[in-house]
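# Coordinate inspection notes
What follows is each chain in one-letter form.
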Amino acid sequence: MNSKILWISILAAVVSFFGGFYLANSLNGDELLKLRAENEQLKKVAGAAPQNDSDAALSDEEIRQKIAEADQNPGNVSYQRNLGMALLSYGVMKQNAGLIAESARLLKRAHASDPQDFDVAVGLGNAFYDIGSLKNDSESFEKAREYYAKALALKPDDAAVRADFGSTFVFVDQPDYERASKELERALQLAPKNERALLLMAQMLVKQNNATEAEKYLARLREIDPKAPTLGELTAQLAQQTNPVQK
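Basis of the calculations
- In this numbering scheme, every chain counts its residues from 1 along its sequence in written order.
- pLDDT decides what is reported in this predicted model: residues at 70 or higher carry local features, side-chain atom pairs at 80 or more are listed and counted, and totals for whole chains, interfaces and linings draw on all residues regardless.
- For side-chain calculations, the full set of non-hydrogen atoms in the structure is used, while hydrogens and water are omitted.
- Whenever a helix is involved, its axis is fitted only over the stretch in contact; in every case the axis is a line through C-alpha atoms, and angles between N-to-C directions fall within 0 to 180 degrees.
- Where helices and strands are cited, they refer to DSSP runs of H or I of at least four residues and of E of at least two residues respectively, numbered from the N terminus.
- Oblique is the label for any angle not covered by the other classes, which are roughly parallel (under 35 degrees), roughly antiparallel (over 145) and roughly perpendicular (65 to 115).
- For any pair of crossing helices, the crossing counts as left-handed if the nearer helix is rotated counterclockwise from the farther one by less than a right angle, and right-handed if it is rotated clockwise.
- Here a residue-residue contact requires only that any non-hydrogen atoms of the pair lie within 4.5 Å.
- We call Asp, Glu, Lys and Arg charged. Ala, Val, Leu, Ile, Met, Phe, Trp, Tyr, Cys and Pro are nonpolar, and the rest, Gly among them, are polar.
- What a helix should span is 1.5 Å times the count of its residues minus one.
- Remark: exposure states derive from per-residue accessible area (1.4 Å probe, protein chains only) relative to the maximum for the residue type, with buried under 20%, exposed over 50%, and partly exposed in between.
- N or O atoms closer than or at 3.5 Å make up a polar contact, with two conditions inside protein: a donor-capable atom paired with an acceptor-capable one, and, for residues adjacent in sequence, both atoms drawn from side chains.
- Here, nonpolar core refers to any group of buried Ala, Val, Leu, Ile, Met, Phe, Trp, Tyr and Cys residues whose side-chain atoms link them within 4.5 Å.
- Any two of the Phe, Tyr and Trp rings considered here, Trp counted by its six-membered ring, make a pair once their centres fall within 6.5 Å; the pair's planes then place it as stacked at under 30 degrees, edge-to-face at over 60, or tilted in between.
- Here, over-ring charges are defined by two tests on the NZ atom of lysine or the CZ atom of arginine: distance to the ring centre within 6 Å, and angle to the ring normal within 35 degrees.
- The rule for a salt bridge is simple: a side-chain nitrogen of Lys or Arg has to be within 4 Å of a carboxyl oxygen of Asp or Glu.

## Quick look at the packing of helix α9 (residues 118-135) against helix α10 (residues 138-154)
Look at α9 against α10: their axes get within 8 Å of each other, and the N-to-C directions meet at 160 degrees. When the axis of α9 is compared with that of α10, the two are roughly antiparallel. Along this stretch, α9 crosses α10, giving a crossing that reads as left-handed. Residues F118, A121, V122, L124, G125, N126, F128, Y129, I131, G132 and S133 of α9 lie in contact with α10, whose contacting residues are S140, F141, K143, A144, Y147, Y148, A151 and L154. Tallied by class, residues from the contact of α9 with α10 come to 13 nonpolar, five polar and one charged.

Shown next, in the form of structure tokens:
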């Protein structure tokens, strides 16, 4: 199972924690920057307190209203960017491919206006990656790869983006495991304790039925974070490969 969605749950948790208030009413850059700055503090609160999904729900009308405002003012790049990023977070939280696609549409406008905006390029990569995850769509992963490549052209040493870029070679109709491995290894050279890269490497090896190598990366991940998302699921898949049930 693809785990990209789980790995951006912290940002989604922040959106949920604020009950959608910032998305509906405060979509200016300062507030979004404030949310990012508070991420470390809020992730502990969000992790300790139960989430009430209904508190974070926005009506379809509210969302359509904001999107309509963006469409009526396509030259307002800041608005396209901020709403696109906020919709991406909300769409991921709701696992709504339609909302994520809308976020990508808005972020494309921002990217066209400023191709040097690293965060927007990554946001577009994430949007198409998440659509690919939700719809099991190879073409979306290829689009994600395109935008991750643009982001890496700006910041080639970003290990997290490098790991996601590498994994796009895995979740497609014709996987390129050699290229994926090369990119994931580079991510781990940049950041040996990058949980995302370790998980994706293990995921790829499990997909290849290479249980021995996969266990090495899972062991490294367990040392760093025994509660890492999807760790239990991958461990179970690995156990099934090494000890298949006899019929």
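So that's the structure; there's more coming.
## As for helix α7 (residues 77-94)
For α7, spanning 18 residues, the distance from its first C-alpha to its last is 25 Å, which sits close to the expected 26 Å at 1.5 Å a residue. Counted residue by residue, α7 has 15 buried out of 18 residues, so it is predominantly covered. In the stretch just after α7, Q95 is the one whose phi turns positive, near 55 degrees.

## Things to note about the packing of helix α13 (residues 195-207) against helix α14 (residues 211-224)
The geometry of α13 relative to α14 is characterised by a closest axis approach of 8 Å and an angle of 155 degrees between their N-to-C directions. In terms of orientation, α13 lies roughly antiparallel with respect to α14. Helix-helix and strand crossings are classified by hand; for α13 and α14 the assignment is left-handed. Here E195, L198, L199, M201, A202, L205 and V206 of α13 lie close against α14, whose contacting residues are E213, A214, Y217, L218, R220, L221 and I224. Grouping the amino acids of the contact of α13 with α14 by side-chain chemistry returns 11 nonpolar, no polar and three charged.

## Topic: unusual backbone geometry
Non-glycine residue N136 carries a positive phi angle of around 50 degrees. Position of N136 relative to the elements: it lies in the loop between α9 and α10. A relative accessible area of 70% places N136 in the exposed class.

## Details of the side chain of Q80
Tracing the backbone shows Q80 in helix α7. Taking the relative accessible area as the measure of exposure, Q80 reaches 0% and is therefore buried. At 2.9 Å, the side chain of Q80 and the backbone oxygen of A70 are in polar contact. Separated by 2.9 Å, the side chain of Q80 and the backbone oxygen of N73 make a polar contact. For Q80, the residues in contact, after removing those within four places along its chain, are A70, N73, P74, L106, L107, R109 and A110.

## Describing the nonpolar core
Within the largest apolar cluster, 51 residues are counted, with the highest numbers of intra-cluster contacts made by L124, F128, Y129, V161, M204 and Y217. With 11 residues, the next largest nonpolar core counts L58, I63, M93 and L106 among its residues.

## Here's the deal with the packing of aromatic side chains
Within this structure, the stated rule accounts for five aromatic pairs. A ring pair is formed by Y129 and F141, whose centres lie 5.1 Å apart and whose planes are at 85 degrees; its orientation type is edge-to-face. You can see Y129 sitting in helix α9 and its partner F141 sitting in helix α10, a full 12 residues away along the chain. By relative accessible area, which is 0% here, Y129 ends up buried. When its relative accessible area of 2% is taken as the criterion, F141 is described as buried. Counting every residue linked through ring pairs, the aromatic cluster contains Y129, F141, Y148 and F171. Of note, R145 hangs over the ring of F169, and the distance from its end group to the ring centre comes to 4.0 Å. In this arrangement the basic side chain of K155 is found over the ring face of F118, its NZ or CZ atom lying 4.5 Å from the centre.

## A closer look at the pattern of salt bridges
Across all of its chains, the model carries 10 salt bridges by this definition. Here E102 makes a salt bridge to R105, at a shortest N to O gap of 2.8 Å. Taken together, the positions of E102 and R105, both in helix α8 (residues 97-113) and three residues apart, correspond to about one turn of that helix. Overall, E102 belongs to the partly exposed group, its relative accessible area being 27%.

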